[in-house]
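# Structure at a glance
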Amino acid sequence: MAVLRFPNENRTIEAEPEIRAELAVLGIDYERWSLNRVGTDASAEEVLSAYDVEIEEMKRRGGYVTADVIDVNAGTPNLEAMLAKFDKEHTHDEDEVRFILAGRGIFFLNIAGRVASVQVGPGDMLRVPRGTTHWFTLCEDRRIRAIRWFQDTSGWTPHYTGSGVDQGFQPLCFGPAYLGSRAATGIRV
Ligand SMILES: [Fe+2]
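Rules behind the numbers
Residues numbered from 1 in each chain as written. Predicted model: local features only at pLDDT ≥ 70, side-chain atom pairs only at ≥ 80, totals over all residues. Heavy atoms only, no water. Buried < 20%, exposed > 50% of the residue type's maximum accessible area, 1.4 Å probe, protein only. Helix = DSSP H or I, 4+ residues; strand = E, 2+ residues; numbered from the N terminus. Arc of directions from axis to C-beta. Contact = heavy atoms within 4.5 Å. Donors = N, O, S within 2.8 Å, 3.2 Å for Na, K, Ca; no water. Tetrahedral: all angles 85-135°; square planar, octahedral: opposite > 155°, others 65-115°. Core = buried A, V, L, I, M, F, W, Y, C linked by side-chain atoms within 4.5 Å. pLDDT = per-residue confidence, 0-100. Pairing = 2+ DSSP bridges. Disulfide = S-S within 2.5 Å. Salt bridge = Lys/Arg side-chain N within 4 Å of Asp/Glu carboxyl O.

### Quick word on helix 1 (residues 16-25)
The complete set of buried residues in helix 1 reads Ile-19, Glu-22 and Leu-23. Angularly, the buried residues of helix 1 cover 95° about the axis, an arc narrow enough to put them on a single face. Every exposed residue of helix 1 that faces more than 90 degrees away from the buried side is listed here: Pro-17 and Val-25. Contacts from the buried residues of helix 1 go to strand 1 (3-6), strand 2 (11-13), strand 3 (29-32), strand 7 (105-111), strand 8 (114-120) and strand 9 (124-128).

As structure tokens, then:
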């Protein structure tokens, strides 16, 4: 279940309908999908097969041409370097669409002068339209498994804004304390 926050407004929203409505105003699609199609040990191929109907429907909705399964954990080689590509404010030339199967992460969205954070976990589907300024990182357990959709994989290159806005927000996940490098800087949460 997601947690939506507006850090500068001291607002935290945990009710699914309210999260969906608030994000819709920002142009972000949020849905809850069933997780019971596959077991937690299913292969990527089994996941893609089990969610074939949803994957094809999402392709129609967004013009996506392909989908895959990303699966990383704390033991993934070069994980921190991978995360460092996406934890600074950026945009993409295509939508960023994720259905979370396991693990947790936080999307920060900077839209029309408001920053929102969306902590996503198993069962959450989030669609961030192309051109949306955002950044992302994993929660402290450094685990995420998700279905991703692509219009063109080359479009997923991050275009950094260089605004530095991302430095002002601690990626604090609901639950165990975040242990990342920003935790000790005293910046606002
Ligand atoms: Fe991104």
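### Quick notes on the coordination of the iron ion
With distances of 2.1 to 2.2 Å, the protein atoms coordinating the iron ion are His-90 (NE2), His-92 (NE2), Glu-96 (OE) and His-134 (NE2). Here the iron ion is ringed by 4 donor atoms whose angles at the metal span 82 to 165°, and the overall shape comes out irregular. In primary sequence terms, the donor set of the iron ion follows H-x1-H-x3-E-x37-H. We note that His-90, like His-92, is buried.

### Looking at the nonpolar core
One finds Leu-4, Leu-23, Ile-28, Val-118 and Leu-126 to be the most contacted residues of the largest nonpolar core, which totals 26 residues. Grouped together as the second largest cluster of nonpolar side chains are 16 residues, Trp-33, Val-38, Val-97 and Trp-149 included.

### Section: the confidence of the model for the protein
Mean pLDDT over the protein: 91, with 92% of residues reaching 70 or higher. Below pLDDT 50 for its whole length, residues 176-189 participates in 29 contacts with residues either more than four positions away or in separate chains.

### A word on the pairing of strand 8
Of all the 7 residues making up strand 8, 6 are buried; the element is thus mostly covered by neighbouring parts of the structure. Looking at chain direction, strand 1 and strand 8 are connected through 3 bridges and run antiparallel. Across the sheet, the residue bridging to Arg-5 is Ser-117, located in strand 8. Pairing of strand 7 with strand 8, which is carried by 7 bridges, proceeds in the antiparallel orientation. Directly across from Gly-105, in strand 8, lies its bridge partner Val-120. Counted along the chain from strand 7 to the antiparallel partner strand 8, the turn is 2 residues long, and its residue Ala-112 has a positive phi close to 50°.

### Some thoughts on the state of the cysteines
Under the counting rule described, the total for this entry stands at 1 disulfide. Two residues share a disulfide in this structure: Cys-139 and Cys-173, whose sulfurs sit 1.9 Å from each other. Residues Cys-139 and Cys-173 share a disulfide whose torsion about the S-S bond is about -85°; that sign makes it left-handed. Here Cys-139, found in the loop between strand 10 (133-138) and strand 11 (144-150), pairs with Cys-173, found in the segment after strand 12 (159-160); they are 34 residues apart in sequence, far enough to count as distant.

### So, the pattern of salt bridges
It is possible for side chains bearing opposite charge to pair when their charged atoms get close. For the coordinates displayed, the defined rule picks out 19 salt bridges. Here Arg-143 makes a salt bridge to Asp-71, at a shortest N to O gap of 2.5 Å. Placement of the pair is Arg-143 in the loop between strand 10 and strand 11 and Asp-71 in strand 4 (residues 66-72), with a sequence separation of 72 residues. Among the ionic contacts, a cluster of salt bridges with common partners joins Glu-9, Arg-11, Glu-22 and Arg-114.

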